[in-house]
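# Descriptive analysis of the structure
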Amino acid sequence: MSVSHSSKLNKVVRDQYMRLPQGGKVLVTYVWIDGSGEGVRCKTRTMDQEPKCIEDVPEWNFDGSSTDQAEGSNSDMFLIPVRMFRDPFCLDPNKLVLCEVLKYNRKHAETNLRNTCKKVMDLVKDSHPWFGMEQEYTLLGINGHPYGWPDNGFPGPQGPYYCGVGADKVYGRDIVESHYKACIYAGVKICGTNAEVMPSQWEFQVGPCEGIEMGDHLWMARFILHRVCEDFGVVATLDPKPMTGNWNGAGCHTNYSTEDMRKEGGLKCIETAIEKLSKRHDYHICVYDPRGGRDNSRRLTGHHETSSIFEFSAGVANRGASIRIPRQVGQDGCGYFEDRRPAANCDPYAVTEAIVRTTCLNETGMQTIDYADK
């Protein structure tokens with residue numbers, strides 16, 4: 001197997017140092033989204049006492065010219081702590097802190113999509129929008145080849161791998177279960193995991209989360225995934241179509257409801273929301289991956305449990321539709337629906353903001369309203 005050199009280092013030696021007392025000091029790791037809009041970065045500082053709330057964590061800065069977020073001549077960027085988690089790598093009392101990024105003039109960085117998402121979520125807080133996102137990903141060796149696949153060939157056709165059990169059907173379960181436990185320890189609202197249709201492809205689910213909490217928890221879950229994979233010497237890719245041919249792509253299906261949808265008779269509200277989404281398909285496709293739909297065009301082909309990127313569709317229990325209403329929701333007459341269009345590498349802030357703009361704030365067309373000016 002192609003794994004990184006670092007993963008082959010003696011972890012027993014590392015544990016010797018990790019057990020050393022910290023003398024009351026606390027390691028606080030700041031995590032942020034870099035200039036790609038897909039990658040995460042981190043750096044760690046020492047604090048003299050354990051922070052009890054996010055307000056206890058001070059602002060910090062970093063070199064934005066090294067993360068594709070600033071010019072070298074004016075490179076200082078600000079890290080603004082927004083949500084704190086327990087650190088599953090260095091353990092208590094150490095912390096992981098998710099941050100927004102501001103430029104030198106304290107305007108939000110281009111890939112800081114949390115900024116506008118938070119404003120929109122605050123506007124609709126009385127609707128209590130809940131989200132649950134299903135993050136698919138693929139494990140790769142350090143050489144970029146799917147982990148566990150034959151070096152010079154392919155595994156058998158899709159069929160036995162989804163929710164599979166057995167060494168000939170699943171690859172990398174140790175990584176998946178380590179990530180699951182690490183997220184629970186950290187306080188991430190992870191609620192499940194399963195092997196996916198393509199071998200070496202997995203999924204974890206985060207939610208239900210209300211409003212801005214969805215993006216915060218999914219981004220931290222992604223960070224933890226990359227760190228766990230680092231320890232095992234493999235790579236987790238969120239590429240929406242990592243393997244061409246007769247293999248499933250990777251999405252980030254987004255389950256959504258408002259309070260009215262969850263009440264008795266809420267199915268009518270669900271149908272109204274879907275009607276609004278049907279009239280704004282092009283806008284949603286543009287924000288459902290970091291490249292304005294180009295990534296999703298490789299995945300949303302109308303095959304492999306996807307809808308066509310060019311057409312909007314909806315149906316009960318239909319995994320080939322843009323929007324799926326779960327069968328149980330149809331029977332109960334209330335609940336939630338699933339938007340199956342977001343790509344695995346989407347920004348959850350962009351996705352949840354777009355859904356709320358269309359279904360709660362009744363926006364139409366390709367343009368969005370800047371509510372900061374209202």
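Calculation notes
- Residues numbered from 1 in each chain as written.
- Predicted model: local features only at pLDDT ≥ 70, side-chain atom pairs only at ≥ 80, totals over all residues.
- Heavy atoms only, no water.
- Buried < 20%, exposed > 50% of the residue type's maximum accessible area, 1.4 Å probe, protein only.
- Helix = DSSP H or I, 4+ residues; strand = E, 2+ residues; numbered from the N terminus.
- Pairing = 2+ DSSP bridges.
- Core = buried A, V, L, I, M, F, W, Y, C linked by side-chain atoms within 4.5 Å.
- Domains from an automatic or database assignment.
- Contact = heavy atoms within 4.5 Å.
- Salt bridge = Lys/Arg side-chain N within 4 Å of Asp/Glu carboxyl O.
- Buried area = accessible area lost by both parts, 1.4 Å probe.
- Polar contact = N/O pair within 3.5 Å; in protein donor to acceptor, adjacent residues only side chain to side chain.
- Nonpolar A, V, L, I, M, F, W, Y, C, P; charged D, E, K, R; others polar.

This brings us to the pairing of strand 1 (residues 26-33). In terms of burial, strand 1 is a largely internal element, 7 of the 8 residues being buried. Where strand 1 meets strand 2 (residues 40-47), 8 bridges bridge the pair, whose relative direction is antiparallel. Opposite tyrosine 30, over in strand 2, you have lysine 43 as the bridge partner. In this antiparallel pair of consecutive strands, strand 1 and strand 2, the connection spans 6 residues, and glycine 37 shows a positive phi of 80°. Bridge analysis of strand 1 against strand 5 (residues 95-102) gives 4 bridges, and the strand direction is parallel.

Before going further, it helps to examine the nonpolar core. If you look at the biggest cluster of nonpolar residues, it comprises 64 residues, and the most contacted ones within it are Tyr137, Leu139, Val188, Phe204, Met220, Ile224 and Phe337. With 10 residues, the top contributor of residues to this core is helix 4 (residues 213-232). Taken together, domain 1 (5-111) and domain 2 (121-360) each give at least three residues to this core, which thus spans both. Ignoring any residue separated from it by four or fewer positions in sequence, one finds isoleucine 224 in contact with Pro88, Phe89, Leu96, His179, Ala182, Cys183, Ala186 and Val188.

Here the structure, examined in full by the defined rule, presents 26 salt bridges. The residue glutamate 38 makes a salt bridge to arginine 291 at a minimum N-O spacing of 2.7 Å. Here arginine 291 lies in the loop between helix 7 (281-287) and strand 11 (314-316) and glutamate 38 lies in the loop between strand 1 and strand 2, a separation of 253 residues in the sequence. Residue glutamate 38 is classed as partly exposed on the basis of its relative accessible area of 24%. Notably, a salt bridge pairs arginine 114 with aspartate 216, separated by 2.8 Å at the nearest N-O pair. With arginine 114 in helix 2 (residues 114-123) and aspartate 216 in helix 4, the pair connects residues that are 102 residues apart, well separated along the chain. For aspartate 216, a relative accessible area of 0% translates into the label buried.

Segmentation of the chain into domains returns domain 1 (5-111) and domain 2 (121-360). Taking only C-alpha atoms into account, the centre of domain 1 sits 26 Å from that of domain 2. Between domain 1 and domain 2, a total of about 2,000 Å² is buried, with carbon and sulfur atoms accounting for 67% of that surface. The largest per-residue losses of area from domain 1 upon contact with domain 2 belong to Glu38, Phe85 and Phe89, which jointly make up 32% of the total buried on that side. Viewed at the interface, domain 2 and domain 1 are joined by 2 salt bridges. There are 6 residue pairs in polar contact (both at pLDDT 80 or more) connecting domain 1 and domain 2. For the side of domain 1 that touches domain 2, the residue count by class is 11 nonpolar, 3 polar and 6 charged.

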